[in-house]
Amino acid sequence: MIQYNSLARSYNVLDNAFAMRKLLVSVYKDNKFVKYSKRELHQFINQTLLKNHSGEEVFKYVLTKHFIDKKVVAAYEVNTLSSRADFVTINGDSKSFEIKTDIDSLVRIEKQSVDYSKVFEYNYVVVGEKHLNKIELLIPEYVGVWVITKRNALRKIRQASISPCLLYTSDAADEED
């Protein structure tokens, strides 16, 4: 049986062709990859993971694809207080996205959503279908919820509203001057 989790954990898009062939041979126990170019190796691994693995890498790919044509600055793994946002976008407003795949635990999500709310204007949790019913009970109402289906389709379940942790009145802003 193919170990897709092992492939996903070990794959590095910056690896050279030799390293990718070595990885594929270790996972598939087959040397058919010897004639593949670096580009073909990347395509094979990416297509395999998109089809068979529901890990964070796939969710990041789906999010990236969603924002690719929008005029935003995006980043992965952004340190935010004592948490790390999986994906953020900035352009006129700031958004954080915390990913919880079907194989992830929800233990830290309450703390993570509070940390992100202190830094970003709009905050979202992107979950696999397994966590959809539980997640809305664990996060504040102003945090949005998106789900990535088994077919890697993005569905927007709940729109985020601006974080109340960042709200201030014009009087408070005037007092600082």
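Before reading further, recall that the structure is shown in the block above.
Predicted model, so just to flag it, every value in this text is computed and none were measured. (Residues numbered from 1 in each chain as written. Predicted model: local features only at pLDDT ≥ 70, side-chain atom pairs only at ≥ 80, totals over all residues. Heavy atoms only, no water.)

Asker: Give me the environment of F44: which residues, what numbers.
Answerer: One can find F44 in helix α3 (residues 38–52). Taking the C-alpha atoms as reference points, F44 and N152, separated by 108 residues in sequence, lie 17 Å from one another. The residues touching F44, leaving out its near neighbours within four places in the chain, are L24, Y28, F33 and Y36. (Helix = DSSP H or I, 4+ residues; strand = E, 2+ residues; numbered from the N terminus. Contact = heavy atoms within 4.5 Å.)

Asker: So what's going on with the sheet that holds strand β2 (residues 83–90)? Which residues, and what values?
Answerer: On the basis of which strands lie adjacent, the open sheet formed by six strands has the order β1-β2-β3-β4-β5-β6 and mixed pairing. Where the open sheet ends on each side, the last strands, each with one partner, are β1 (73–80) and β6 (154–158). Across the sheet, the mean angle from the axis of one strand to that of its neighbour is 30°, orientation sign disregarded. With four bridges joining them, strand β5 (residues 144–148) and β6 adopt antiparallel strand pairing. Residue pairing for β6: I148 is matched across the bridge by L154. Packed on one face of the sheet, helix α4 (residues 56–67) meets β1, β2, β3 (94–100), β4 (122–128), β5 and β6 and runs near 150° to β3. (Pairing = 2+ DSSP bridges. Axes fitted to C-alpha atoms, helices over the stretch in contact; angles between N-to-C directions.)

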